[in-house]
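Here is what each chain is made of, one letter per residue.
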Amino acid sequence: MSEILNNLNNIPVRTWRWLGVNETNIKDKMPEIKDYNLNPLIENNGEGYKVFDIKKNNSSIRFFDNKRDIGIADPLTDLVTKNFNSGYLIEVDENKKVQEPILIDYKMDTNNSVLVDNNFIIAGENSEITVVIKYSSNKGDEAFHSGLTKLYAKKGAVINLVKVQLMEDDGIHLDAIAAATEEEAEINCVLIELGAKSTVTSCKNDLLSKNSKANIYSIYLGDKDRSIDINYVINHYGRKSESNIKTNGALMDKSSKIFRGTIDFKRGSKESKGMEEEYAVLLSSGIRNRSVPLLLCAEDDVQGQHAASTGKIDENKLFYLMSRGFSELEAKKLIIESSFNPITEKVPIEELREEISEYIRRRMLNV
Amino acid sequence: MEKRKTYVDDLDRGLYDIRNEDRYSYKVSSGLTPEIVEAISREKNEPQWMRDFRLKSLDIYNKIKMPTWGPSLEELDMDNIVTYVKPDTSLKGSWEEVPEDIKNTFERLGIPQAERESLAGVGAQYDSEVVYHSIREELVQQGVIYTDMETAIRDYEDIVKEYFMKLVPPSDHKFVALHGAVWSGGSFVYVPEGVKVEIPLQSYFRLNSPGAGQFEHTLIIVEKGAYLHFIEGCSAPKYNVTNLHAGCVELFVKEDAYLRYSTIENWSKNMMNLNTKRAVVDKNGTIEWVSGSFGSKVSMLYPMSILRGEGARAEFTGVTFAAKGQILDTGAKVVHAAPYTSSNINSKSISKGGGEAVYRGAIKVAANAHHCKSTVSCESLMLDDISRSDTLPVLDILNDEVDIGHEAKIGRISEEAIYYLMTRGISEEEAKAMIVRGFVEPIAKELPLEYAVEMNNLIKLEMEGSIG
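Model, not experiment: these values are computed from the prediction.

Visitor: Which parts of the structure should I look at to understand the overall build of chain A?
Guide: Along the backbone of chain A there are five helices and 17 strands. The C-alpha atoms of chain A give 20 Å as radius of gyration, which agrees with the globular expectation for 367 residues (21 Å, within 12%). Projected onto its principal axes, the C-alpha coordinates of chain A cover approximately 55 × 55 × 40 Å. Buried positions account for 51% of the 367 residues belonging to chain A. Taking the intrachain contacts of chain A between residues at least 6 apart in sequence as the baseline, contacts between residues at least 24 apart amount to 83%.

Visitor: Help me out: how do you make sense of unusual backbone geometry in this one?
Guide: Where the residue is not glycine, phi is negative for most of them; where a peptide bond is considered, it is trans in most cases. Positive phi outside glycine occurs at N9 of chain A, with the angle close to 50 degrees. Among the structural elements, N9 of chain A can be located in the segment before β1 (49-53). Of note in this structure, D127 of chain B is not a glycine but carries a positive phi near 55 degrees. Inspection of the secondary structure puts D127 of chain B in the loop between β4 (121-126) and β5 (129-135).

Visitor: I tried to follow the domain arrangement of chain B on my own but got confused; where do I start?
Guide: Put simply, an interface is often sized by how much accessible area is lost when its parts join up. Residues and elements named next belong to chain B. Taken as a whole, chain B is organised into domain 1 (18-414) and domain 2 (415-468). Listed per partner, the contact involves 20 residues of domain 1 and 20 residues of domain 2. Contributions of two or more residues to the side of domain 1 that touches domain 2 are made by α4 (111-118), β14 (258-266), β17 (286-293), β20 (313-322) and β23 (342-351). Per element, the largest residue contribution to the side of domain 1 that touches domain 2 is four residues, and it comes from β20. Of the residues contributing to the side of domain 1 that touches domain 2, the split by class is eleven nonpolar, eight polar and one charged.

Visitor: Explain the packing of helix α1 (residues 34-43) of chain B against helix α2 (residues 48-63) of chain B here, please?
Guide: Relative placement of two packed helices is described by the angle separating their axes and the distance separating the axes. Residues and elements named next belong to chain B. Between α1 and α2, whose axes approach to 10 Å, the crossing angle comes to 155 degrees. When the interaxial angle is binned, α1 and α2 end up roughly antiparallel. Where α1 crosses over α2, the two elements pack in a sense that is right-handed. Contacts from P34, V37, E38 and S41 in α1 reach M50, R51, R54, L55 and L58 in α2.

Visitor: For this particular structure, what's the right way to read the confidence of the model for chain B?
Guide: Note: predicted coordinates in regions of low pLDDT should not be interpreted at a detailed level. Residues and elements named next belong to chain B. When pLDDT is averaged across chain B, the result is 89; 93% of the residues are at 70 or more. Considering only residues more than four positions removed or in separate chains, one finds that residues 461-468, a stretch of pLDDT under 50, has 22 contacts. For this predicted complex, the interface confidence score (ipTM) comes to 0.91, while the overall pTM stands at 0.92.

Visitor: I keep staring at the pairing of β5 of chain B and nothing clicks. Help me out?
Guide: Working note: regular strand, side chains alternate between the two faces of the sheet. Residues and elements named next belong to chain B. Counting buried positions along β5 gives seven out of seven residues, so the element sits mostly inside the fold. Where β4 meets β5, six bridges bridge the pair, whose relative direction is antiparallel. Bridge assignment links G123 to a residue of β5, and that residue is H133. Connecting β4 to the next strand, β5, in antiparallel fashion are two residues, including D127 with a positive phi near 55 degrees.

Criteria and cut-off values
- Residues numbered from 1 in each chain as written.
- Chains lettered and ligands numbered in written order.
- Predicted model: local features only at pLDDT ≥ 70, side-chain atom pairs only at ≥ 80, totals over all residues.
- Helix = DSSP H or I, 4+ residues; strand = E, 2+ residues; numbered from the N terminus.
- Rg over C-alpha atoms; globule rule 2.2 N^0.38 Å.
- Buried ≥ 20, exposed ≤ 12 C-beta atoms within 10 Å, placed from the backbone.
- Contact = placed C-beta atoms within 7 Å.
- Domains from an automatic or database assignment.
- Nonpolar A, V, L, I, M, F, W, Y, C, P; charged D, E, K, R; others polar.
- Axes fitted to C-alpha atoms, helices over the stretch in contact; angles between N-to-C directions.
- Parallel < 35°, antiparallel > 145°, perpendicular 65-115°, else oblique.
- Left-handed = near helix turned anticlockwise from the far one by under 90°.
- pLDDT = per-residue confidence, 0-100.
- Pairing = 2+ DSSP bridges.

Now the structure itself:
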């Protein structure tokens, strides 16, 4: 494997080429995909759900093959589907509400520096589950992660997926989520994308039926020469379906970011609502911040809204904090963290929330 | 409660569709070859540099690929388009001398009347050439030039040579390369330093010939501290063959100058409207675009403002009405290329009867453009569930000292508002009409009165009870 991945994170409707937002191409060469031998999850079939290691139970992913396209047709999903070296299938029984979050802790180290994970979560009717997937790496390992997580929420089910990516600066992180939500079901994705020198992430959710709901909450933090490339797409098919996208981020140094967010009201999605908000705080003059909030509509009886705003950090807040004895950096860190808080507090594991906070502090103070 | 739908009629096009017999004194054959381009140049008796420029543009046209985004242009077959149709008359300075049928066309469009009542100068183009041009004497005495482009090349060659297609080079995109090769007609305006043209100038472009293309070039230079309001109107009768409009507008707004450029476009629904408009604004200058897009089968039009001087300002106010069979892909582009620049974009669209309205925009903030501000607001109204409305904005920001906001909304006429108006004794139809008129009001009020009236006529939103 040394081919270059091109044509990722396509927007559903193309626009001018000179803006460079229609798609993204990975400049780094793909590493050779070796085995991944760590154990990110003790296989435990807890109360109300079953976990399969898909390397051993390849057949159990057939459920997703039978579903109409809930994937993303791009070279990344292709790469993962053909070359995965880890991954889990989690199946939740009907009517079971699993209280404790399940943590899949993907660590990358010197001997396991390449991770290609292929994950599936199926929530049976009226069930509920929370899955936390964490990606981390060690300094100097040049870790490479590419992954695909497919979610399917059956009628009345709730899936909460929390992804926390705290990789080191020399890592590469390519991640895709593809979801489908049935009648009265709900899928919430909380995406804490903080690390890796190059991040390309996508999250697509098809709201298939009446009253289905999708929420995406995410944060990013750009510093040094980091690049962050995001593509969220919500397709409203069902009546009275609802979606929310909320992304907060901060950019400093020479970092760059592209945020693409699409809400697409398909014909038949009457009485649906879609709302998208993106706020970027800019901290240095060398940044590049691109936003592409698309609103596509083929129905009259819908409410769609998007808002994007970009600006410098609030000088008044900064001044106040500094007058209270905080250094400028600490004050900035506080302000950024407070803008992240509404999203980071959705992470259901306290130690992980603390780790995120510590990670942000380390990055902001450059220690 | 059963959901009810409002039925809103298409725009009444009546007088726009009256066609004249296709008479011309010279017409090139359809298609696009170096021979045709040379024939146009020869017919116009142009200087060598312009002839060379045309041939170079044709070369570029042949090299550039079709756009990979936006509406399909498959229907457009350049082999069937006649690029140059010279009307059977020369340029006149008095309406009396303009041939009867052509004069009547412009009479019906209200041009001579508007000229008498509220304009300081008028240009009227019919097919490929300008047939009438006038300007008030007092403006001439102040050094204002307002004439057709052909005259400008003859009489003001140095100025034209300095500015012509420098802001929009033929290499910019395929249809502007085409424009460079076969352009004909259009207006040239020069407002000298400090001169304020208080009453608007207006050019009207009428395409009568079936299967033809119109490629007018408008070049406006507003010198330091000067002021101008320019109005552009365009229409054509409907034919069963595809017509093409690929005009080009270049606006140079110098230091402290002000230019308002208003357009009401009502091409017929067999028109491919692939127009390019661009302004460059120097220190503390202002460009204001007011744009109404109603006609054409396919439109791709995104006026661009390049704010290259400190404190330069751009404003865009646009309304798009896409009805059956129309794809109107319009919007605005702003490049903030200097500090303390500001822009404000306000776009409204209405889709009905299967029409598609697209807002496509871009705000680019260069690395040196600190302390710039930009606000973009897009609102779309869907009148039924067979139409489409898409909003595709892009923000590209390379400086942190900025204040940029974008918001967009999509929806339909609120039932509460209709209900409220009905409780006040207003009929349902009238209530709906009021709401739609209110929706486009911010644009209507930016237009000169007679144009606001024209727009209201255009949006003759007849309510015919409810269906579905």
